[in-house]
Amino acid sequence: MVEAKPFDISKRDVWEAFKRVKSNRGAAGVDGQTIQNFEVDLSNNLYKLWNRLSSGSYFPSPVRRVDIPKADGGKRPLGIPTVADRIAQEVVKRKLEPLLEPVFHADSYGYRPGKSAIDAVNRCRQRCWRSDWVLDIDVKGFFDSIDHELLLKAVRHHTDSVWVLLYVERWLKAPVKMENGSVDTRDAGTPQGGVISPLLANLFLHYVFDMWMARHFPHIPFERYADDIVCHCITEAQSRALWRALEQRFAECGLELHPAKTKIVYCKDANRRWDCPETSFDFLGFTFRVRKSMNRQGVHFARFLPAVSCKALKSISRTIKRWRLHRRSDMSLDDVAKIANPHIRGWINYYASFYRTALRPTLKRIDDYVIRWARRKFKHLRRKTKGTRDWFVRLRRATPNLFAHWQLCHGNGRTMGAV
């Protein structure tokens, strides 16, 4: 007779969780095991994980800490669980997410099915046209500051599943292995990089911010993507009152507004002429500020609009430079394009959603590398600057879809266009 497990977790749940983790890829954890290594003995590895989860004997490994450089020169700490721990977290996420999704706020966009960063930016754009002032909120070290007891209280409010609560608590308390090899214990926070972390972070801010705003400032709309928050106010005084109230609220919950990055912004445009030191803000890779626009009658005017941010453009430029396309003269141009196009399509799909012309100058840098590639590839072009540019224009006209940015930057290839 097979002994019954104390927790009712199906093998199918573990299998489906593995497939999701595999599709998301990701680096190895502290054990050095990659997804490919895990698959070598897949059936046995999944069975052992299921057995531990369903018997209550599952304990997570320490989380591997990696510091990722940020555009502003700082570093963003990521916590990378092992493959087995990521699968276990996905099992719990699949159990918990259907319970939380129906209660989450409509203007919470981060890491939620059916919602995206572009949705948040678009809603923010519309509200900036209707409200003159913005409170741009930055939470200092949010993921490292989440209060464990408050978070577990929130989880208990939505489920009485013993194994969900047990494993969430174990993940929160799992130690962190630093890059120098030392192991640190944690009494707050949930590591960025964990499968379950975005859902738990959303739940925490659902009560700390979303529901609190609905009770105390129901007439102030906002967009929240994880811990990136924008609030829309009618007056500057209202913005300052909200700022003071949020400072107190966040402090009560163990969080702190970043004193230098949180700011009040005036949404200046052709009809708003108030003198204010802050007239722009960044949100999800876009900079909102006054820009030239044109109405349907062809009349130009100033409007408060989002476009790809300088930080995002610098990151794109660094990636283009790292490709070193001009040194790949041993490859065909089709193969060179295959290296670049997945990245280019991703940039266009996201950053060209608003004010797409702002993306063009940076993407045109790829053309300079293609021209340099041709000079290394073909001897007859090495000393002919004009000849190489003529070659490039002919190529672009003949194959307008070879590189994914050419239609955005140059049209469909029927006209010469500017190089």
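Rules and cut-offs
- Along each chain, the written sequence defines residue order, and numbers are assigned to residues from 1.
- With pLDDT at 70 or above as the cut-off, local features in this predicted model cover only qualifying residues; side-chain atom pairs require 80 or more to be listed or tallied, and sums for whole chains, interfaces and linings still use all residues.
- Just so you know, side-chain values use all the structure's heavy atoms and leave hydrogens and water out.
- Residues grouped as a nonpolar core are buried Ala, Val, Leu, Ile, Met, Phe, Trp, Tyr and Cys residues, joined through side-chain atoms within 4.5 Å.
- The buried label goes to any residue with under 20% of its type's maximum accessible area, the exposed label to any with over 50%, and the partly exposed label to all in between, with areas taken from a 1.4 Å probe on protein chains only.
- Each helix is a run of DSSP H or I of at least 4 residues and each strand a run of E of at least 2, with the numbering of both proceeding from the N terminus.
- Only heavy atoms matter for contacts: two residues are in contact if any of them lie within 4.5 Å across the pair.
- Strands are treated as partners if at least two bridges between them are detected by DSSP.
- Here, a disulfide means two cysteine sulfur atoms that sit within 2.5 Å of each other.
- Any two rings among Phe, Tyr and Trp, with Trp reduced to its six-membered ring, count as a pair given centres within 6.5 Å; such a pair is stacked if its planes are under 30 degrees apart, edge-to-face if over 60, and tilted if neither.
- Look at NZ for Lys and CZ for Arg. If either is within 6 Å of the ring centre and within 35 degrees of the ring normal, a charge sits over the ring.

A.B. asks: How should the nonpolar core be read in this particular structure?
C.D. replies: Nonpolar side chains tend toward joint burial in soluble globular proteins. One finds Ile 87, Phe 209 and Cys 231 to be the most contacted residues of the largest nonpolar core, which totals 69 residues. Examining the composition of this core, we find that 10 residues originate from one element, helix α9 (residues 197-216), more than from any other. Leave out the neighbours within four places in its chain, and Ile 87 touches Val 14, Ala 17, Phe 18, Val 21, Phe 38, Leu 46 and Leu 49. Membership of the second largest hydrophobic core comes to 52 residues, among which are Cys 267, Ile 316, Ile 344 and Ala 374.

A.B. asks: Help me understand the pairing of strand β7 (residues 228-233) in this model?
C.D. replies: Two faces belong to every sheet, and in a regular strand the side chains alternate between them. Of all six residues in β7, five are buried, a share of seventy percent or more. Two strands pair when backbone bridges link them, and strand β3 (residues 133-138) and β7 are joined in this way by six bridges, in the antiparallel orientation. Within β7, the residue paired with Val 134 across the bridge is His 232. Of the pairings in the sheet, the one linking strand β6 (residues 222-225) to β7 comprises four bridges and is antiparallel in character. The residue of β7 that forms the bridge with Tyr 225 is Asp 228. Taken together, β6 and the strand that follows it, β7, pair antiparallel across an intervening segment of two residues, in which Ala 226 is found at a positive phi of about 55 degrees.

A.B. asks: Sorry, what's going on with the state of the cysteines here?
C.D. replies: The bond known as a disulfide is covalent and runs between the sulfur atoms of two cysteines. All told, the structure shown has zero disulfides when counted by the stated rule. This cysteine, Cys 276, is not joined by any disulfide, and Cys 267 carries the nearest cysteine sulfur, 9.6 Å off.

A.B. asks: Got a minute to help me understand the packing of aromatic side chains in this structure?
C.D. replies: Each aromatic ring pair is characterised by the separation of its centres together with the angle its planes make. By the definition in use, this model includes 27 aromatic pairs. Look at Tyr 167 and Trp 171: their rings are 6.4 Å apart centre to centre, the planes differ by 45 degrees, and that puts the pair in the tilted class. With Tyr 167 and Trp 171 both in helix α8 (residues 162-173) and four residues apart, this pair spans about one turn of that helix. Note on accessibility: Tyr 167 and Trp 171 belong to one class, buried. When the ring of Phe 281 is compared with that of Phe 288, the centres are 4.7 Å apart and the planes differ by 5 degrees; the resulting orientation is stacked. Look at Phe 281 and you get buried, because its relative accessible area is 1%. On the accessibility criterion, Phe 288 (0% relative accessible area) is buried. An aromatic cluster is present here, built from Phe 7, Tyr 58, Tyr 167 and Trp 171 joined pairwise through their rings. Across the ring face of Tyr 109, the terminal group of Lys 115 is positioned such that the distance to the ring centre comes to 4.8 Å.

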